[in-house]
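Close look at the chain arrangement
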Amino acid sequence: MKRISFFLSVLFLLVCGQATKAQGEMPFAQFWTARTYYNPSFAGETEKIRLSGIYRYEWSRLQNAPQRVFLSADMPMEFLGMQHGIAVLTHAHSVGNERNNLLAVQYAYKYRMGKGSFNIGIQAGMQQINFDPASLRIITDSTQNNRKTVAFDGTEKNVPIFNAGVSWTSQELFIGAAAININSPRFYAAGDSVASGTLFNDSTLSRLPLSYNFSAGYNIRLLNSLIQIQPMILVQTDLKKTQLQAAFRTIYGEKYSLGASWRSRQGYSFFAGIVIQDIGISYAYDLHTSGIGKESGGSHEIVFSYRLPFDLFNKKPQPHKSVRLL
């Protein structure tokens, strides 16, 4: 318990240490499928090799509509009698012809505690920034039948990214907290209306904001585990602006899933999925009720997942056959 108190105290100090502007990216509708994206301590939380992918198409009716692709692979491992988790992930966020790319690796130390595992994780990566995600906005072109286009402030910068988090996981419960963009990297960004001679000054200085998130979920089993009900939450904040997302998911027979979620100041999401031989696929539709998304016609999200058992790569012993001459 002393170790837990120490690391939670460190995380609390990080949370209170700095306040910045809000993060520009919207959370995934099916955020629980991208736990390592929000918290590196979830790396290797299952007993299998886990491959995950998300494609998200936001504000589909707008020109230059944002698109996001997230890919990750993680696995547990044992070394020197201790449990660990490792992961590699990539994330691409594109608007029009510009794209921000992230490539990162993660490590998590796991400490067996009660019926679950207490995990401490870190992430190190490199982010290529070609536009400021916090600058996304809609402009209307009156000469083109009032066509709406997503505009942004452009830049060109490669910056290091560091994240850290803690979590506790078991078969029924997961709970975690993380600090994202701890180093809060700075870059210069400017819109098309800014003259090129004034790009690099204090008025165009921006940053990837230091932000924090808290996630939790519980698995309720009914009818001899045939039906599972999973309430989950994700809270993201920069101490100036907070966004809450709550989801309610139902699983039948470990195969079919259905549910809905609510996102503060944004709207609702509805999702459904299926699992066939360890291959999972699900789809979510976002119905935006406020903000930029209200004028967009909704957002779409597809999730793929695959889990491989470790013994898949181990040669199984073959029974010895002998021929006896009679």
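Residues numbered from 1 in each chain as written. Predicted model: local features only at pLDDT ≥ 70, side-chain atom pairs only at ≥ 80, totals over all residues. Heavy atoms only, no water.

Helix and strand counts for the protein come out as 2 helices and 19 strands. Burial status across the protein gives 44% buried among its 326 residues. A total of about 17900 Å² of accessible surface is found on the protein, and carbon and sulfur atoms cover 59% of it. (Helix = DSSP H or I, 4+ residues; strand = E, 2+ residues; numbered from the N terminus. Buried < 20%, exposed > 50% of the residue type's maximum accessible area, 1.4 Å probe, protein only. Areas by Shrake-Rupley, 256 points an atom, 1.4 Å probe, with all protein chains shown as cover.)

With that out of the way, let us pick up the pairing of strand β12 (residues 211-218). Within a regular beta strand, the side chains point alternately toward one face of the sheet and then the other, so they alternate between its two faces. Among the 8 residues of β12, 6 are classified as buried, and the element is accordingly described as predominantly covered. Of the pairings in the sheet, the one linking strand β9 (residues 173-180) to β12 comprises 8 bridges and is antiparallel in character. Bridged to Gly176 within β12 is Ser215. Judged from the 6 bridges that link them, β12 and strand β14 (residues 227-237) form a sheet pairing that is antiparallel. Bridge pairing in β14 places Gly217 opposite Met232. (Pairing = 2+ DSSP bridges.)

Attention now goes to the packing of aromatic side chains. The final tally for this structure, using the stated rule, is 8 aromatic pairs. Taking 5.3 Å as the distance between ring centres and 80 degrees as the angle between the ring planes, the aromatic pair formed by Phe31 and Trp32 counts as edge-to-face. By relative accessible area, Phe31 is classed as buried at 2%. A relative accessible area of 9% means that Trp32 is categorised as buried. Pairing Phe42 with Phe174 gives two aromatic rings, centres 5.9 Å apart and planes at 85 degrees, and the pair type is edge-to-face. Of this pair, Phe42 sits in the loop between α2 (35-38) and β1 (49-57) while Phe174 is found in strand β9, placing the two residues 132 residues apart along the sequence. There is no split in this pair, since Phe42 and Phe174 are both buried. Among the aromatic residues, those joined into a ring-pair cluster are Phe28, Tyr37, Tyr38 and Phe70. Residue placement shows Arg35 over the ring face of Phe42; its charged tip is 5.9 Å from the ring centre. Residue placement shows Arg68 over the ring face of Phe28; its charged tip is 4.1 Å from the ring centre. (Phe/Tyr/Trp six-rings, centres within 6.5 Å; stacked < 30°, edge-to-face > 60°. Lys NZ or Arg CZ within 6 Å of the ring centre and 35° of its normal.)

With that settled, the discussion passes to the pattern of salt bridges. Applying the stated rule across the entire model yields 11 salt bridges. Where Glu254 meets Arg221, a salt bridge forms, and the shortest distance between an N and an O atom there is 3.7 Å. With Glu254 in the loop between β15 (242-252) and β16 (256-263) and Arg221 in strand β13 (residues 220-222), this residue pair connects regions lying 33 residues apart in the sequence. Take Arg221: its relative accessible area is 37%, and that puts it in the partly exposed class. Through salt bridges with shared partners, a single ionic network connects Arg56, Glu58, Arg68, Arg263, Asp286 and Glu301. (Salt bridge = Lys/Arg side-chain N within 4 Å of Asp/Glu carboxyl O.)

Moving on, we get to the confidence of the model for the protein. Considering every residue of the protein, the mean pLDDT works out to 83; 82% of them sit at 70 or more. Note on residues 322-326: pLDDT is under 50 here. Beyond four places in sequence and across chains, it has 0 contacts. (pLDDT = per-residue confidence, 0-100. Contact = heavy atoms within 4.5 Å.)

With that settled, consider the nonpolar core. Among the nonpolar cores identified, the biggest contains 26 residues, and Phe28, Phe31, Ala34, Tyr38 and Phe70 are the most heavily contacted of them. Listed by contribution, the elements that provide at least two residues to this core are α2, β4 (98-113), β8 (154-169) and β14. Ignoring anything within four residues of it in the chain, the contact list for Phe31 reads Tyr38, Met232, Ile233, Leu234, Gln245 and Ala247. (Core = buried A, V, L, I, M, F, W, Y, C linked by side-chain atoms within 4.5 Å.)

This brings us to unusual backbone geometry. Even without a glycine there, the phi angle at Trp59 is positive, about 50 degrees. Of note, Trp59 is situated in the loop between β1 and β2 (67-79). Non-glycine residue Arg265 carries a positive phi angle of around 60 degrees. If you trace the backbone, Arg265 turns up in the loop between β16 and β17 (267-276).

What follows covers the environment of Ser94. If you trace the backbone, Ser94 turns up in strand β3 (residues 82-95). Placed 29 residues apart in sequence, Ser94 and Ala65 show a C-alpha to C-alpha distance of 8.4 Å. Apart from residues lying up to four places away in sequence, Ser94 is in contact with Ala65, Pro66, Gln67, Arg99 and Phe131.

The next subject is the side chain of Ser282. Checked against the element boundaries, Ser282 lands in strand β18 (residues 279-288). Here Ser282 falls in the buried class, since its relative accessible area comes to 13%. Within the structure, the side chain of Ser282 is placed 2.6 Å from the side chain of Gln30, a separation counted as a polar contact. Discounting chain neighbours no more than four positions away, the residues touching Ser282 are Gln30, Ala272, Gly273, Glu301, Ile302 and Val303. (Polar contact = N/O pair within 3.5 Å; in protein donor to acceptor, adjacent residues only side chain to side chain.)

Turning to the side chain of Thr169, a few remarks are in order. Position of Thr169 relative to the elements: it lies in strand β8. Exposure remark for Thr169: the relative accessible area of 9% places this residue in the buried category. Looking at Thr169, its side chain comes within polar contact range of the side chain of Asn119, at 3.4 Å. Ignoring anything within four residues of it in the chain, the contact list for Thr169 reads Phe42, Glu45, Gly116, Ser117, Asn119 and Phe174.

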